[in-house]
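Residue-level structure breakdown
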Amino acid sequence: MSDGMFGNLPVIEKRLMDVKLGELGTWLGGRDFTPNGLLSAVRRGHDRYYNKYINVKKGGIGGIAMVLVGYVALSYLWEYDHIKHDRWRKYH
Amino acid sequence: MLSRLVVVSAHGLKSSSPLGAGCYVVSRSLVQASRSLHTSSQSRAPLPPLPEKGGQVRHGIFPEEIFQLLYPKTGVTGPYMLGTGLLMYMLSKEIYVINHETFAAASIGAVIIYGVKKFGPSVAAFADKLNDDKVAKAQEVKDVSLTSLAQAIEDEKKEQWRVEGRAMLFDAKRNNVAMQLETNYRERLHMVTNEVKRRLDYQVALQNLHIQMEKEHMVKWVEKSVIGSITPQQEKESIAKCITDLKALARATQTSATA
């Protein structure tokens, strides 16, 4: 993945926050969805989170608490079809 | 707190993973995304120091950035209203269903929050102490090696100073040797003169002896020849002369005694 210098680059290479709404389609089309690309994206995300919240001198509970809350939320999402049957009312 | 223990253990992991060792990133906010400094996994630049505090989170799970994002438009209570509204929506539409698991989650949440609030600072202090011990150990190693190297420099300088003194040492030794040679030379000179004098004395004594012996021999020979030359005739004459002389002397003394 080519992470070039920050500036006015072709659309594909901008960061997500800098991509305008109209360019979202082209941006998505240009991203690297090969396994290697996905893995490197995961690795980059992990490094970002790790170096911001965990790899510091005085970290707080937020570092892992956010990971755990995210895990809880994601597992709830995956189980929703099963949990749907415990609803109290049929019509909302 | 707990993340500090993770740091203590994850440091080991991170340093052993080749991918993570190179791409060391420091990110401070959501907008500034991560940058990898080098394309290869090995980098020679010195590592930047660890940031003091991590990204801020409020209530343990909400990153501060959300609050900052909403502050210009909605002020301080914006995110809380958003949270309340979302919660109400999810409850009323039963996107979040209240069942037995809700109760379990609430109890577990209460226990966790109580534990974190009560034991958080002490665990944090403990983890900080562990980190500080590690740093102190590394620092000590560095200091020890620094002092030993400084000591080595001092010793080296001392050796250099000693080398300067060596010239004086050699001069002193040279003087000693010269003196020894001188005394030896003079001794031998004395010896030579003594020997020469002895030999010359011997020759002189020899010559004296010769002269003396010749003298004695001559005297003896003269005596012997004189005594031999006294014939009996001469002996009688001399004895008769002696008797007449004695008589004359006796008469002289007689007359002098009676006179």
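Residues numbered from 1 in each chain as written. Chains lettered and ligands numbered in written order. Predicted model: local features only at pLDDT ≥ 70, side-chain atom pairs only at ≥ 80, totals over all residues. Heavy atoms only, no water.

- Naming follows an unreviewed UniProt entry, where chain B appears as ATP synthase subunit b of Gasterosteus aculeatus aculeatus.
- The UniProt entry for chain B carries this comment under Sequence similarities (unreviewed entry): "Belongs to the eukaryotic ATPase B chain family." (UniProt positions renumbered as here; feature names shortened; annotations may be inferred.)

- An unreviewed UniProt entry annotates chain A as ATP synthase subunit f, mitochondrial of Gasterosteus aculeatus aculeatus.
- Its UniProt record, at the heading Subcellular location (unreviewed entry), says of chain A: "Mitochondrion membrane".
- Of the comments in the UniProt record for chain A, the one headed Sequence similarities (unreviewed entry) reads "Belongs to the ATPase F chain family."

Examining unusual backbone geometry
Residue and element names in this part refer to chain B.
- Unlike most non-glycine residues, His59 shows phi in positive territory, near 60°.
- Taking the relative accessible area as the measure of exposure, His59 reaches 57% and is therefore exposed.
- Even without being a glycine, Glu94 presents a positive backbone phi close to 50°.
- In this structure, Glu94 sits in the loop between α4 (78-92) and α5 (100-229). (Buried < 20%, exposed > 50% of the residue type's maximum accessible area, 1.4 Å probe, protein only. Helix = DSSP H or I, 4+ residues; strand = E, 2+ residues; numbered from the N terminus.)

Some words on helix α2 (residues 35-54) of chain A
- Over its 20 residues, α2(A) extends 27 Å from the first C-alpha to the last, a length consistent with the 28 Å expected when each residue adds 1.5 Å.
- Among the residues of α2(A), those classed as buried are Gly37(A), Asp47(A), Tyr50(A), Asn51(A), Lys52(A), Tyr53(A) and Ile54(A). (Expected span 1.5 Å × (residues − 1).)

Remarks on the layout of surface pockets
- Taken as a whole, the largest pocket spans an internal volume of roughly 2300 Å³.
- As for the largest pocket, its lining consists of 49 residues, and the residues nearest its centre are Val69(A), Val72(A), Ala73(A), Ile61(B) and Phe62(B).
- For the lining of the largest pocket, the secondary structure elements donating two or more residues are α3 (62-83) of chain A together with α3 (64-74), α4 and α5 of chain B.
- Top contributing element to the lining of the largest pocket by residue count: α3(A), with 16 residues.
- Broken down by class, the residue content of the lining of the largest pocket amounts to 34 nonpolar, eleven polar and four charged. (1 Å grid on protein atoms, 1.4 Å probe; cavity = no way out; pocket = protein on both sides within 12 Å on 5 of 7 lines; lining within 4 Å. Points joined across faces, edges and corners; volume = space filled by probe spheres on them. Nonpolar A, V, L, I, M, F, W, Y, C, P; charged D, E, K, R; others polar.)

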